[in-house]
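Next come the chains, spelled out residue by residue.
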Amino acid sequence: MSIIIIDYGAGNTKSVQFACNRLGYHPVLSNNIEIIQAADKVIFPGVGHASNAMKMLRESGLDLIIPTLKQPVLGICLGMQLLCTATEEGGTKGLGVFDVQVKRFSEGVKVPQMGWNTISNLKTNFFIEIKNNAYMYLVHSYYAELCAETIAQTTYGVTYSSALNKDNFYGVQFHPEKSSGEGESVLRNFLNL
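Conventions and cut-offs
Residues numbered from 1 in each chain as written. Predicted model: local features only at pLDDT ≥ 70, side-chain atom pairs only at ≥ 80, totals over all residues. Heavy atoms only, no water. Phe/Tyr/Trp six-rings, centres within 6.5 Å; stacked < 30°, edge-to-face > 60°. Helix = DSSP H or I, 4+ residues; strand = E, 2+ residues; numbered from the N terminus. Buried < 20%, exposed > 50% of the residue type's maximum accessible area, 1.4 Å probe, protein only. Contact = heavy atoms within 4.5 Å. Core = buried A, V, L, I, M, F, W, Y, C linked by side-chain atoms within 4.5 Å. Polar contact = N/O pair within 3.5 Å; in protein donor to acceptor, adjacent residues only side chain to side chain.

Draft legend 1. The arrangement of the packing of aromatic side chains in detail. For the coordinates displayed, the defined rule picks out nine aromatic pairs. On the numbers, 5.8 Å between centres and 45° between planes, the contact of Tyr143 with Tyr160 is tilted. On the criterion of sequence distance, the pair formed by Tyr143 in strand E10 (residues 142-144) and Tyr160 in strand E12 (residues 158-166) is long-range, its members being 17 residues apart. Classification of Tyr143 by relative accessible area gives buried; the value is 11%. Taken together, the ring pairs in this structure connect Phe105, Tyr143, Tyr156 and Tyr160 into an aromatic cluster.

Structure follows, in structure tokens:
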């Protein structure tokens, strides 16, 4: 099975690669459009500022390619947010896969949310063998609102989408590669789709 981690200059690619290695998989880092299109599975990580990340995607042409992918695609953290319609971070237009807005946490909570929090209301086989209220590791200042595509939710001042699914696209706000055994199970479930 060929697994590509999209390497566009704004991802925590190495930690995701090492997590896949621990599961016995050997993903390749690439920003080559043909290689990405031919992969069996695609992982789209992201860290940093949304507007800078979108700029890098546009410069490489990946902004046009990612929404057209037909194989299972997993967006992680900022990668998930960029798959949404738009984000308040820098007033950035997203890739429009998930029909949901990304908002900034209110002043009432410490920003960024950093650390362990639970995911609940788990839906689809993406969470097979994951317990409701499992703890996952999160670091983020923005969140995707609840929507029809929400398959897991988390509460931090507001209840938001901690995972999304539409067709072959999945997104997680948490970092499965940093979320111990439960996170590795999520990654394994994605790679087994």
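Draft legend 2. Molecular detail of the environment of Thr124. Counting through the fold element by element, Thr124 comes out in the loop between strand E8 (113-119) and strand E9 (134-140). Measuring from C-alpha to C-alpha, the distance between Thr124 and Gln173 comes to 16 Å, with 49 residues separating the pair along the chain. With near-sequence residues (within four places) excluded, Thr124 lies in contact with Ile151 and Asn165.

Draft legend 3. Quick peek at the nonpolar core. If you look at the biggest cluster of nonpolar residues, it comprises 31 residues, and the most contacted ones within it are Tyr8, Phe44, Leu57, Ile66 and Leu82. Looking at this core, the elements that each hand over two or more residues are strand E1 (3-6), strand E3 (41-44), helix H3 (50-60), helix H4 (62-65), helix H5 (78-82), strand E7 (98-104) and E10. With four residues, H3 is the single largest residue contributor to this core. Sequence-distant contacts of Tyr8, that is, excluding residues within four places in its chain, are made with Phe44, Pro45, Gly46, Ala53, Met56, Leu57, Leu62 and Leu82. One finds Leu23, Tyr143, Phe174 and Phe190 within the second-largest nonpolar core, a separate group that totals 30 residues.

Draft legend 4. Quick look at the environment of Ser161. Here Ser161 lies in strand E12. Considered as a pair, Ser161 and Val102 are 59 residues apart in the sequence and their alpha carbons are 9.7 Å apart. For Ser161, the contacting residues outside a window of four places in its chain are Met80, Ala144, Glu145, Leu146, Cys147, Thr150, Ala152 and Gln173. There is a polar contact of 2.7 Å between the side chain of Ser161 and the backbone oxygen of Glu145.

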